[in-house]
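# Summary of the model geometry
Listed below, chain by chain, are the residues.
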Amino acid sequence: MNILVTGGAGYIGSHVVEELCEAGETVVVFDNLSTGHRAAVHPKAEFVQGDLKDAASVNRLFDDHHFEAVMHFASYTLVGESMAQPFMYLGDNVSNALNLLRAMVEHDVKRFILSSTANLFDDPQRMPIDEQERIVPGSPYGESKFIIERLLHWMDRIYGLRFAALRYFNAAGASPTADRGEDHAVETHLIPLILKVALGQRARITIFGNDYATPDGTCIRDYIHVNDLAQAHILALKALDRGSRIYNLGNGQGYSVKDVIDTARAVTGCDIATEIGARRAGDPAILIAGSDTLKRELGWQPRFAALRDIVATAWEWHRTHPNGYGLDQ
Ligand code: UFG
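Residues numbered from 1 in each chain as written. Predicted model: local features only at pLDDT ≥ 70, side-chain atom pairs only at ≥ 80, totals over all residues. Heavy atoms only, no water.

Further remarks concern the site of the ligand. Surrounding the ligand, one finds 22 residues, the nearest of these being Asn170, His189, Thr206, Arg280 and Asp283. Taking His189, its side chain carries an N or O atom lying 2.8 Å from an oxygen atom of the ligand. Here an oxygen atom of the ligand and a side-chain polar atom of Arg280 are 2.6 Å apart. Protein coverage of the free-state accessible area of the ligand, which is 690 Å², stands at 91%. Sorting the residues of the shell around the ligand by element identifies helix H6 (190–198) and strand S8 (205–208) as the ones contributing at least two each. (Near = heavy atom within 4 Å. Polar contact = N/O pair within 3.5 Å; in protein donor to acceptor, adjacent residues only side chain to side chain. Areas by Shrake-Rupley, 256 points an atom, 1.4 Å probe, with all protein chains shown as cover. Helix = DSSP H or I, 4+ residues; strand = E, 2+ residues; numbered from the N terminus.)

Quick look at the structure:
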C-alpha cells in the first residue's frame, strides 16, 4: 500500500514507519520537524517537510501522490502543556486534522488510522479500562483527540472513510535495532528521564507523589513497547475493509513508578538516585488498558510485553545515542 504518515519523524510515528517499511509498504512521511527528527525517518521512506496548518501544501501532497491510507501522528501531545496552551490543542490539533481529512475526502482516500490516547479516561469506573469505558477527557489534549475521533465518525457516515482510533496507554521503549528511540527536546516521560540519570546526564529522578492509593504509593501505568504499538497499526489498517474500529492499546499490566525505577536499576546496573516530590497535577493513580478486543479481533500479540524488555530496548537506544539524534536536534 501507499501510505502517508503524518508526524513520521516523531517518536511513535518513526517506529511505525520502520515497521511499515520493513513490511514492504511504500511510505511518505510528512512532518514539520518541530519536534521530530529527519534522522528518525527510515531510509526507505520518502520524506516531505511540511505543515498540516498549510492546507494548500497538504492538497499538493495529495495531488503529487496516490495514497491508499493515512496514519496521523502529527500532533501536540503533552497533557500538561495543553492545560497551559489550550488553543494549540483544541485549535491546531483539530484544525490540522480537518485539513488532512478534507484533502483525503477530495482525493478519495478512504483509510485512516488515528493516534489517540488514554487521556480520554480521566475517571475510569473499571480497571483495566476497556472500550466500553465512558469518555472523560483529562485535558485539552485528550479532548482534541476525542473531537478528532468524532470527526472520523462523521467522515465514515457521510463519505465511507474507514478509520481505526488507537488509544495508547504509555508508549515506551525503542526499536530493537537501536536505530531510533525517544528524543524529545524537553523530556517529560518517566523511562527516558530515569535512563538519563543512569547515563549521568541528570542527578536524580523525582517521583511525583508516593501517597497514591496503590500498593507502594506511586502511580501505576501500563507501558507498551513502541514497536508492539506499531504492529497494532498495521493490523488495524488491514482490518479497515471490515469496518471502522476503536481499540484501547496497552499490555494490560500495571507497573508503579518504583517498579520502573527498580527495573531500570536491574537493566542498567546503575544505582539510580531518587527523591520524592509533589504529585503532578492531573495524574490519575492507576491507568491500565484492557486490550482483549484488539487481541481477539486482530490477533495482536505484544513481542515486548515484559517491562524489563521495554526498558532494555530504551536503554540500548539511550546508551548508544546519549545525545539522541545529535546534530539533527
Ligand atoms: N513520573 C514521575 N517522575 C517524572 C516523570 C513521570 O514520577 O519525572 C510519573 C508520572 O507521575 C506518571 C508516570 O511517571 O505517574 C508516567 O508519566 P509519563 O509522563 O511518562 O506518562 P503519563 O502517564 O503522564 O502520560 C502518557 C503520555 C500521554 C498520555 C497518557 C495517557 O505521555 O500523552 O500517557 O495515559 F496522554
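Here the narrative resumes.
Pairing is parallel in the open sheet, where 7 strands are placed in the order S3-S2-S1-S4-S5-S6-S11. In the strand order of this sheet, the two ends are held by strand S3 (46–49) and strand S11 (245–249), each with one partner. This sheet shows a mean twist of 20° between the axes of neighbouring strands, independent of strand direction. Pairing of strand S2 (residues 26–31) with S3 involves 4 bridges; the strand directions are parallel. Each residue of the ladder has a partner; that of Val29, found in S3, is Phe47. Of the strands in this sheet, strand S1 (2–6), S2, S3 and strand S4 (69–72) touch helix H2 (residues 55–64), which is tilted by about 170° from S2. Helix H5 (residues 140–159) contacts strand S5 (111–117), strand S6 (162–168) and S11 of the sheet and is inclined by roughly 155° relative to S5. (Pairing = 2+ DSSP bridges. Axes fitted to C-alpha atoms, helices over the stretch in contact; angles between N-to-C directions. Contact = heavy atoms within 4.5 Å.)

This part takes up the pattern of salt bridges. Applying the stated criterion across every chain, the model contains 15 salt bridges. Residues Asp283 and Arg221 are paired through a salt bridge, measuring 3.9 Å at the closest nitrogen-oxygen approach. Of the two residues, Asp283 sits in the loop between strand S13 (274–277) and helix H9 (292–298) while Arg221 sits in strand S9 (residues 220–221), which places them 62 residues apart along the sequence. The two residues Asp283 and Arg221 agree in class, both being buried. With a shortest N-O distance of 3.1 Å, Asp283 and Arg280 are connected by a salt bridge. Judged by its relative accessible area of 40%, Arg280 falls in the partly exposed class. A single network of salt bridges, built from pairs that share partners, joins Arg221, Arg280 and Asp283. (Salt bridge = Lys/Arg side-chain N within 4 Å of Asp/Glu carboxyl O. Buried < 20%, exposed > 50% of the residue type's maximum accessible area, 1.4 Å probe, protein only.)

Glancing now at the environment of Val41. In this structure, Val41 sits in the loop between S2 and S3. As a C-alpha pair, Val41 and Trp317 span 276 residues in sequence and 15 Å in three-dimensional space. Excluding residues within four positions of it along the chain, Val41 makes contact with Gly8, Ala9, Val29, Phe47 and Arg180.

On to the environment of Ala56, then. By secondary structure assignment, the location of Ala56 is in helix H2. Judged by its relative accessible area of 43%, Ala56 falls in the partly exposed class. A C-alpha to C-alpha distance of 21 Å links Ala56 and Leu90, two positions 34 residues apart in sequence.

The next point concerns the domain arrangement of the protein chain. Along its sequence, the protein chain is organised into domain 1 (2–172 + 223–249) and domain 2 (190–221 + 253–320). For domain 1 versus domain 2, the separation of C-alpha centres amounts to 24 Å. Each partner contributes residues to the interface: domain 1 has 26 residues there, and domain 2 has 27 residues. Summed over both sides, the interface of domain 1 with domain 2 buries roughly 2200 Å², with 64% coming from carbon and sulfur. In this structure, the connection of domain 1 to domain 2 is made through 2 salt bridges. Put simply, Arg245 and Glu297 hold a salt bridge, and the shortest N to O gap is 3.6 Å. If you look at where domain 1 meets domain 2, you find 10 residue pairs in polar contact (both at pLDDT 80 or more). Those elements that provide at least two residues to the side of domain 1 that touches domain 2 are strand S7 (170–172), strand S10 (223–225), helix H7 (226–239) and S11. Among the elements that make up the side of domain 1 that touches domain 2, the one with the highest residue count is H7 (7 residues). Looking at side-chain class alone, the side of domain 1 that touches domain 2 contains 14 nonpolar, 5 polar and 7 charged residues. (Domains from an automatic or database assignment. Buried area = accessible area lost by both parts, 1.4 Å probe. Nonpolar A, V, L, I, M, F, W, Y, C, P; charged D, E, K, R; others polar.)

The packing of two helices is summarised by the inter-axis angle and the distance between the axes. Orientation of helix H8 (residues 257–268) relative to helix H10 (residues 307–320), taken along the N-to-C sense of each, is 60°, at an axis distance of 9 Å. Between H8 and H10, the interaxial angle falls into the category oblique. Like other packed secondary-structure pairs, H8 and H10 cross with a definite hand, here right-handed. Across the interface between the two elements, Asp259, Val260, Thr263, Ala264, Ala266, Val267 and Thr268 from H8 touch Leu307, Arg308, Val311, Ala312 and Trp315 from H10. Classifying every residue of the contact of H8 with H10 gives 8 nonpolar, 2 polar and 2 charged. (Parallel < 35°, antiparallel > 145°, perpendicular 65-115°, else oblique. Left-handed = near helix turned anticlockwise from the far one by under 90°.)

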